[in-house]
Amino acid sequence: MAKLTYKIVEHDGGWAYKVGSTFSETFHTHQEALRAAEIASSEQQVAGTTDGIQYEDAEGKWHDELADGRDRPQTEVSD
């Protein structure tokens, strides 16, 4: 099972959470970014429906896959 860490970081003159190399929107305060990360982290763990997805990889190639809605990662928020 995958594990995702939501890290609170300074970003664009404010605060954001970062997962891997992806930043959230910028928030005015650390507390706002922390709360948003906690919400996103908890929503990430909610099972959904199995559905087709498309995504682009780092080389710009598009992929089609069937995503199992029950296969959710473990998440944590790091302050």
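See the structure printed just above.
A few points on the structure.

Conventions and cut-offs
- Residues numbered from 1 in each chain as written.
- Predicted model: local features only at pLDDT ≥ 70, side-chain atom pairs only at ≥ 80, totals over all residues.
- Heavy atoms only, no water.
- Core = buried A, V, L, I, M, F, W, Y, C linked by side-chain atoms within 4.5 Å.
- Buried < 20%, exposed > 50% of the residue type's maximum accessible area, 1.4 Å probe, protein only.
- Helix = DSSP H or I, 4+ residues; strand = E, 2+ residues; numbered from the N terminus.
- Contact = heavy atoms within 4.5 Å.
- Phe/Tyr/Trp six-rings, centres within 6.5 Å; stacked < 30°, edge-to-face > 60°.
- Expected span 1.5 Å × (residues − 1).
- Arc of directions from axis to C-beta.

Notes on the nonpolar core
Reasoning step 1: In this structure, Y6, I8, Y17, F27, A33, L34, A36, A37 and A40 together form the largest nonpolar core, which totals nine residues.
Reasoning step 2: Mapped by element, the contributors of at least two residues to this core are strand 1 (3-11) and helix 1 (30-44).
Reasoning step 3: If you tally residues by element for this core, the top one is helix 1, at five residues.
Reasoning step 4: Setting aside its immediate chain neighbours within four residues, A36 contacts Y17 and F27.

Side note on the packing of aromatic side chains
Reasoning step 1: What the rule picks out here adds up to one aromatic pair.
Reasoning step 2: Note on Y6 and Y17: the rings are 5.5 Å apart at their centroids and 50° apart in plane angle, and the pair reads as tilted. Placement of the pair is Y6 in strand 1 and Y17 in strand 2 (residues 14-19), with a sequence separation of eleven residues. This pair shows no difference in class: Y6 is buried, exactly as Y17 is.

Observations concerning helix 1
Reasoning step 1: Counted at 1.5 Å a residue, the expected span for helix 1 with its 15 residues is 21 Å, and the 21 Å between its end C-alpha atoms agrees.
Reasoning step 2: Within the span of helix 1, buried status applies to A33, L34, A36, A37, A40 and S41. Here the buried residues of helix 1 occupy an arc of 165° about the axis, which is enough to place them on one side. For helix 1, exposure combined with an orientation more than 90 degrees from the buried face picks out Q31 and E43.
Reasoning step 3: Against strand 1, strand 2 and strand 6 (74-78) lie the buried residues of helix 1.

Fair warning: the whole summary comes from geometry, so function is off the table for now.
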